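Residue-level structure breakdown
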Amino acid sequence: MSDKDLVTLTDKQRKARRSRNVAIGLALAALVIIFYLATIAKFGPAILDRPL
């Protein structure tokens, strides 16, 4: 693969890509927190104290 086959992004496109990546990362982190809180709400805080 040579350099002429690669796409060169403008600064505006690079910034837009970065913004999308940050938004996706924040959305993923929010989902993890929501699932964690839902699990604690469903099973209660005693789930951490039970024997394995």
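What comes next is a walk through the structure. Values in this document were obtained by computation on a predicted structure and should not be read as measured data. Throughout, residues of each chain are indexed from 1 in the direction in which the sequence is written. Residue-level local features of this predicted model are given only where pLDDT is at least 70; pairs of side-chain atoms are given and counted only at 80 or more, and the full residue set underlies all totals for whole chains, interfaces and linings. Side-chain numbers here rest on the full set of heavy atoms in the structure, without hydrogens or water.

Observations concerning the overall build of the protein
Helix and strand counts for the protein come out as one helix and zero strands. Computed over its C-alpha atoms, the radius of gyration of the protein comes to 21 Å, more than 25% above the 10 Å expected for a compact globule of 52 residues. Overall size of the protein, expressed as C-alpha extent along the three principal axes, is 60 × 25 × 10 Å. Each residue gets one of three labels from its accessible area relative to the maximum for its type: buried under 20%, exposed over 50%, partly exposed in between, using a 1.4 Å probe on protein chains only. With 52 residues in all, the protein has 2% of them scored as buried. For every accessible area listed, the method is Shrake-Rupley and the probe measures 1.4 Å; residues are considered covered only by the protein chains on display. When the accessible surface of the protein is split by element, carbon and sulfur atoms take 66% of a total near 5,200 Å². Positive: Lys, Arg. Negative: Asp, Glu. His and the chain ends are not part of the count. Charge positions come from single atoms, namely NZ of Lys, CZ of Arg, CG of Asp or CD of Glu. Distance from the positive charge centre (9 side chains) to the negative charge centre (4 side chains) of the protein: 8 Å. What counts as a helix is a DSSP run of H or I of at least four residues, what counts as a strand is a run of E of at least two, and both are numbered from the N terminus. Only the C-alpha atoms count toward the radius of gyration. The rule for a globule is 2.2 Å times the residue count to the power 0.38.

Some remarks on the pattern of salt bridges
When a carboxyl oxygen of Asp or Glu is within 4 Å of a side-chain nitrogen of Lys or Arg, the pair counts as a salt bridge. Inspection of the entire model under this criterion finds one salt bridge. Of the charged contacts, one joins D11 and R14 as a salt bridge, the two residues approaching to 2.8 Å between their closest N and O atoms. Remark: R14 and D11 occur in helix α1 (residues 11–43); sequence separation between them is three residues, near one turn of the helix. Judged by its relative accessible area of 61%, D11 falls in the exposed class.

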